[in-house]
Amino acid sequence: MGIEWRIIQREWRLVMARPGEVLKPMWFLLLVISLIPLALSPDSTLLAEIGPAMIWVATLLAILLNMDHLFKDDYSEGVLEQWLFWSRPFAWCVAIKLLTHWLFYILPLILMTPIVGLMLSIEADVIAVLLVTLLVATPALTCFSGLGGALTLGAARSGVLGVLVMLPLFVPVVILAAGVITRTTDGAGVGPLLALLAAFSLGAAILMPLAIAAAIRLNIGGST
Amino acid sequence: MGIEWRIIQREWRLVMARPGEVLKPMWFLLLVISLIPLALSPDSTLLAEIGPAMIWVATLLAILLNMDHLFKDDYSEGVLEQWLFWSRPFAWCVAIKLLTHWLFYILPLILMTPIVGLMLSIEADVIAVLLVTLLVATPALTCFSGLGGALTLGAARSGVLGVLVMLPLFVPVVILAAGVITRTTDGAGVGPLLALLAAFSLGAAILMPLAIAAAIRLNIGGST
Amino acid sequence: MIEWQFESLAALIAMAPHGPFVWSVYGLGALVLGGLTWHVRHAHSHAITRIQRQFEREGGHESET
Amino acid sequence: MTLELKHLHCERDDRVLFRDISQCVKRGEILRVAGPNGAGKTTLLRMIAGLFEADGEVLWEGAPLSAIPESVLYIGHAPQVTRELTVQANLQFLSGATLEAVRHALQAVGLRGYDDSLVRELSQGQKRRVALARLWLESRPLWILDEPYTALDVEMVAVLDQRIKQHTQAQGVCLLTTHQPPQQLDYRTLELGHGH
Amino acid sequence: MTLELKHLHCERDDRVLFRDISQCVKRGEILRVAGPNGAGKTTLLRMIAGLFEADGEVLWEGAPLSAIPESVLYIGHAPQVTRELTVQANLQFLSGATLEAVRHALQAVGLRGYDDSLVRELSQGQKRRVALARLWLESRPLWILDEPYTALDVEMVAVLDQRIKQHTQAQGVCLLTTHQPPQQLDYRTLELGHGH
Amino acid sequence: MAWRWFHQWGSPRWFYERASRWQAWAGWIAVILLAVGTVWGLAIAPVDYQQGHSYRIIYLHVPVSFLAQALYLAMAIAAAVLLVWRMKLADVAMQSLAIVGFAFCVLALASGAIWGKPTWGTYWVWDARLTSMLILAFLYLGIIGLRSAMLDPNTAGKACAILALVGAINLPIIKYSVEWWNTLHQPASLTLTEKPAMPASMWVPLLINICGYYAAAAYLVFASMRGLVLHRERRAQWVRELVGAHD
Ligand code: HEM
Ligand SMILES: Nc1ncnc2c1ncn2[C@@H]1O[C@H](COP(=O)(O)OP(=O)(O)OP(=O)(O)O)[C@@H](O)[C@H]1O
Ligand SMILES: Nc1ncnc2c1ncn2[C@@H]1O[C@H](COP(=O)(O)OP(=O)(O)OP(=O)(O)O)[C@@H](O)[C@H]1O
Ligand SMILES: [Mg+2]
Ligand SMILES: [Mg+2]
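Residues numbered from 1 in each chain as written. Chains lettered and ligands numbered in written order. Predicted model: local features only at pLDDT ≥ 70, side-chain atom pairs only at ≥ 80, totals over all residues. Heavy atoms only, no water.

(A) Spotlight on the interface of chain F and chain C. The interface of chain F with chain C comprises 44 residues on the first partner and 33 residues on the second. Between chain F and chain C, a total of about 3500 Å² is buried, with carbon and sulfur atoms accounting for 79% of that surface. Summed over the three residues of chain F that lose the most area to chain C, namely F:Leu42, F:Ile44 and F:His53, the buried surface amounts to 17% of that side. In this structure, the connection of chain F to chain C is made through zero salt bridges. Within the residue set of the side of chain F that touches chain C, elements represented by two or more residues are α2 (12-44), α3 (58-85), α4 (88-120), α7 (200-232) and α8 (237-242) of chain F. (Contact = heavy atoms within 4.5 Å. Buried area = accessible area lost by both parts, 1.4 Å probe. Salt bridge = Lys/Arg side-chain N within 4 Å of Asp/Glu carboxyl O. Helix = DSSP H or I, 4+ residues; strand = E, 2+ residues; numbered from the N terminus.)

(B) Examining the nonpolar core more closely. With 357 residues, the main nonpolar core has B:Trp56 and F:Phe104 as its most contacted residues. Residues in contact with B:Trp56, not counting those within four places in the same chain, are B:Leu130, B:Thr133, B:Leu134, B:Ala137, B:Leu141, B:Val173, B:Val174, B:Ala177 and B:Ile181. (Core = buried A, V, L, I, M, F, W, Y, C linked by side-chain atoms within 4.5 Å. Buried < 20%, exposed > 50% of the residue type's maximum accessible area, 1.4 Å probe, protein only.)

(C) Inspection of helix α3 (residues 99-108) of chain E at higher detail. Listed as buried for α3(E) are E:Val102, E:Ala105 and E:Leu106. All buried residues of α3(E) fall inside an arc of 100 degrees around its axis, so they share one side. (Arc of directions from axis to C-beta.)

(D) A look at the site of ligand 2. Inspection of the region around ligand 2 gives 22 residues, with D:Ser123, D:Gly125, E:Arg15, E:Thr42 and E:Thr43 positioned closest. Mapping the residues adjacent to ligand 2 onto the chains of the assembly identifies chains A, D and E. In this structure, E:Gly38 approaches ligand 2 through a main-chain N or O atom, which is 2.9 Å from an oxygen atom. Taking 640 Å² as the accessible area of ligand 2 by itself, protein coverage stands at 94%. Of all elements in the fold, only α4 (124-132) of chain D together with β2 (15-25) and α1 (41-49) of chain E reach the threshold of two or more residues within the shell around ligand 2. Its residues assigned to classes, the shell around ligand 2 shows three nonpolar, twelve polar and seven charged. (Near = heavy atom within 4 Å. Polar contact = N/O pair within 3.5 Å; in protein donor to acceptor, adjacent residues only side chain to side chain. Areas by Shrake-Rupley, 256 points an atom, 1.4 Å probe, with all protein chains shown as cover. Nonpolar A, V, L, I, M, F, W, Y, C, P; charged D, E, K, R; others polar.)

(E) Spotlight on the side chain of D:Glu29. Residue placement: D:Glu29 occurs in the loop between β2 (15-25) and β3 (30-34). Beyond its immediate sequence surroundings of up to four residues, D:Glu29 is in contact with D:Cys24, D:Thr168, D:Gly172, D:Val173, D:Cys174 and D:Arg188.

(F) Inspection of the sheet that holds strand β3 (residues 30-34) of chain E at higher detail. All names here are of chain E. Taken in spatial order, the five strands make up an open sheet running β6-β7-β8-β3-β9, and their pairing is parallel. The sheet is open, and its two borders are formed by β6 (72-75) and β9 (188-191), each paired with just one other strand. Geometrically, the sheet is characterised by an average inter-axis angle of 15 degrees between neighbouring strands, direction not taken into account. (Pairing = 2+ DSSP bridges. Axes fitted to C-alpha atoms, helices over the stretch in contact; angles between N-to-C directions.)

In structure tokens, the structure reads:
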């Protein structure tokens, strides 16, 4: 059995062992979004105005918070170090793992967006654009937050540290996505912006596995 | 040395060993709040309008996310089960631990509020009210999120699970606090609402340690 | 070209309406730079005393064994 | 007839691990719980210590042991020390002992000079020694030790044997599990795992 | 002269753990790394396995071992199995073996019937057995085993000894650490921790 | 020749001894320049006809803002040196630069915020420049936080280096996107960009102070690095001799 296939199969088995894990980011998004009308006001025009931004921030947090466990358990159980004894480049294996993570955890989360969008009375076409920005941007987010998780493997009580370290790097993504959404509501063209976002994602998908692999190696070397 | 004092001393030593831990919730709050204008718009009137609600939600998340580590490490290292062999009631020890946690981690977080308030162009008197609501409500939040942490000790990859489980219980607190803030901006009296909040906190401070202690016992019993 | 802009020390401190802003900025600057200077110097001397103490301890061990 | 186990019983998943265990352990006695991997030794010890819900009774001097947890010193598989604290801080927290006492105990377990080391910087065996240092610090009559010899080197095994002997001579009770039979101790064995 | 260690050196914190270790291990040989707790055995094994940055050279058949990590089978202190997966899924992932082979290996380590159990429901020793089952599944020439006997019962110790013997007879190399000298193996000892 | 130079820089001892002199020089230059520039700026430079005396904050704000950015660049270079050549000194440099840079960044934010009150009537607006400065502060904080949370010091250095490099690659993108974002929304037109032509007696002290703060930063970085080098090399013979431990 190819190593790639083994990684995917294992990830799938983990999902099957705990299907609830897939729901956790979705649940988080839903909860945070439903807190907002409670804390603010049930005024639907205001909600619709700030809605897309709120969904973006909440999704960002959901992705980042979920990432803490991407490598952590495997690292502390000593499974991750076994990957180093495989005949395939470590960065390649990491890339596969990121891909499966995106498929199993992030994609379902994105599909949640229409529902929370409706809760905030966002219009259908804005929701559609929101979905597209998320689809295009999440590979970059996944890769960056994977780096956050990998860097903090050797940290004392990592917890949200990975989130904190990586959040500033998300600024361009957030801004571009916000730009796409505003322009849609204003009726302007969004093609170039989406292309920029896609380029960002592509760059991240190529470079980040290398950085993540280096960070993991580093942390394995530092532990006894 | 009394057991109470030992718990406090240990907590203090942990803080001293990693002073950065105290900053993490504050840092989280600051980051999440600064993402909002980026995702939304730099328009200061809009920001001032939604600001208090955003600060409340972000503070809530900061508290909840920080709570993951309140019992987790001690549990998995087998330190927590040693507390059961002490001559003081377990719930009492838990209460002390919650108190020190509030003092060392939550109080500094609250003191961060004025700064993020200024960044969202919230007026000084609203910030003052925000501070008061947070001060009055955080004991309840700390206790509830402690329960979330305790309940999910035995869960597979707990992560944000405790957050998710407990967030719905925060609804009354959030609604009361939002009520206080809206009334202040409208110039109405807030005494009764604050009294309710305080009563809620007091109740939580009395009952929750018992529930948390029971939850921890349960989880210890389930592990080998 | 070089002439004093303020008649008196009081005027300098008051700086018309903006005294508190200007002085608090410079006060903060002095505080941060001074604090940092103290910190790095202290860290240096602290490192030295720690090393000295370490050697004393090692010396003690060796004479015991 | 200090420690009495009455009709202890345990099923996990679908297997009966042990049924109807009744034993009396007198002061000064050592009871070794033996059996192959997965026999239920850890489960039994945790049940006695009150960390696992007991099906049956555990009595100490005639009263339920769960009412006086402070007479038990339990050391299990888990490290029982906080990685982020120094050796000293860990022991002070767990035992409430004075600095002086802690220093003595560390000397006894061969960790002199490690007072201020962080636990996470210790080797496997050194961590174990820190946990075991509590045997020198606390005076609780009932010791429950789950594989205390794990990760220890030969020298430390002898020291630990010595300490257990001392404890039983001072009228203490000791329950332990090990896979290698301890050579310097007089003990009684309770065999698990072949009975079902 | 298959495995060559040249001038390995390690300092951690302020202590020199070992200096200038040079050794040759031939095919079919067992090298036991011995020494008291904290001597640096784990550190040395991890350095050889390439998990800890080496100060010195580790050669395999004359070439750096780090270039061919797939010839190493390393089993360390960590459980190396995922708690949330079944025994079978764990072994399939780690070794890429077929179901049939996994079943055989489990039989060999005395875990027949546990294929579908979750690892977190196993006892300490059973978990260890799962990790060790890889010795029956993968054919890598260099075994590096850090305290493989920990938590194993007497029966399993014998089985493991047998397997190691078999491996060396098939021209494999085995490095291991243990505190109790293995009784059924012929090995050479590298003593650490008294040299400095 | 080039190699010897490189080799020397890799030697902590060589650095420790040399930097002692550089540090002294930088310190004295900083004191003199800052004294001259600040007194000049506060008391001698003419008053601004629009802003009044509040503009005198410029003599701290602008140099400090420049430095906050320059120090990040220096840190990223140190990070690259650490990852590529594994030079231990680069790790020390990164650590010092992060702390000093963060302090300057906070100072820039604070001075700007305080300046904002009299000029814009508010402490904070989401102006492009301010926002990217804030994000720079977060990047610094991330690097400091990561280092302080990591258990193993060697790992910490390299992890921070990876983070610093990723941040440095991203920094231009962040700046560009923040500027674009800001113009997109067209906020209250408060920008720092347009500056009236200054008379010499206004910009000369500014120039002096910019040089002065550069010197001060150099002093702080060298002093901090020397302390760290000493601590890291605490087992080396030369440190032993240096601190005069009886051996
Ligand atoms: C928190 C608030 C502020 C921040 C973070 C900030 C940040 C900065 C930064 C980063 C620079 C250097 C730009 C460069 O590299 O070219 C700068 C320069 C400058 N700032 Fe601020 N600033 C703030 C508030 C203000 C205010 C309120 C004023 C006055 C109205 C002001 C006036 C200036 C001037 C005149 C310059 C130099 C002009 C230039 O080089 O383009 N700043 N500021
Ligand atoms: N993460 C770490 N940071 C600093 N020092 C460490 C770290 N881990 C181990 N050490 C030190 O390195 C030394 C050797 O540790 P190592 O784990 O290699 O010992 P060992 O010989 O395997 O001991 P044991 O028999 O207890 O397993 C110990 O003295 C320990 O203090
Ligand atoms: N959390 C659990 N859930 C379900 N079953 C469990 C759990 N923990 C242990 N078991 C089962 O209980 C049995 C006994 O486990 P226990 O840990 O008591 O064994 P042990 O005798 O201590 O073995 P070892 O010598 O390996 O430490 C095992 O067969 C195991 O499968
Ligand atoms: Mg057991
Ligand atoms: Mg070891």
